[in-house]
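# Coordinate inspection notes
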Amino acid sequence: PLILDADALNLVSLNPSFLKYIKGAIITPHMLEFSRLSGVSVQEVLDSPEARTFDYAQKNSLICVLKDHN
């Protein structure tokens, strides 16, 4: 499996077309990285992190492990 973190996630957020090449990958964004990837504000992610990550992962055929201080 492909695991993406840090700068790889920044590249994907700058080039969303890369998503078609990483189907099935595991991504491990923190809140700000996930905000960039998904196009929603950090506050919206904080308001419903499970729903946001599930929807994004399902839409893009990924496994998303959202990192937070908790």
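Below, the structure is looked at part by part.

Definitions and cut-offs
Residues numbered from 1 in each chain as written. Predicted model: local features only at pLDDT ≥ 70, side-chain atom pairs only at ≥ 80, totals over all residues. Heavy atoms only, no water. Pairing = 2+ DSSP bridges. Helix = DSSP H or I, 4+ residues; strand = E, 2+ residues; numbered from the N terminus. Salt bridge = Lys/Arg side-chain N within 4 Å of Asp/Glu carboxyl O. Buried < 20%, exposed > 50% of the residue type's maximum accessible area, 1.4 Å probe, protein only.

Moving on, we come to the sheet that holds strand β1 (residues 3-4). With parallel pairing, the 3 strands of this open sheet are ordered in space as β1-β2-β3. Two strands in the sheet have a free side with no partner beyond their single neighbour: β1 and β3 (63-64).

Considering all chains together, one arrives at 2 salt bridges under this definition. Notably, a salt bridge pairs Asp 5 with Lys 67, separated by 3.1 Å at the nearest N-O pair. One end of the pair, Asp 5, is in the loop between β1 and α1 (7-14); the other, Lys 67, is in the segment after β3, with 62 residues separating them in the sequence. On the basis of relative accessible area, Lys 67 is assigned to the partly exposed category, the value being 34%. The partner of Arg 52 in a salt bridge is Glu 44, with the nearest N and O atoms 3.6 Å apart. Judged by relative accessible area, Arg 52 falls into the partly exposed class, the value being 29%. Glu 44 sits in the partly exposed class, given a relative accessible area of 33%.

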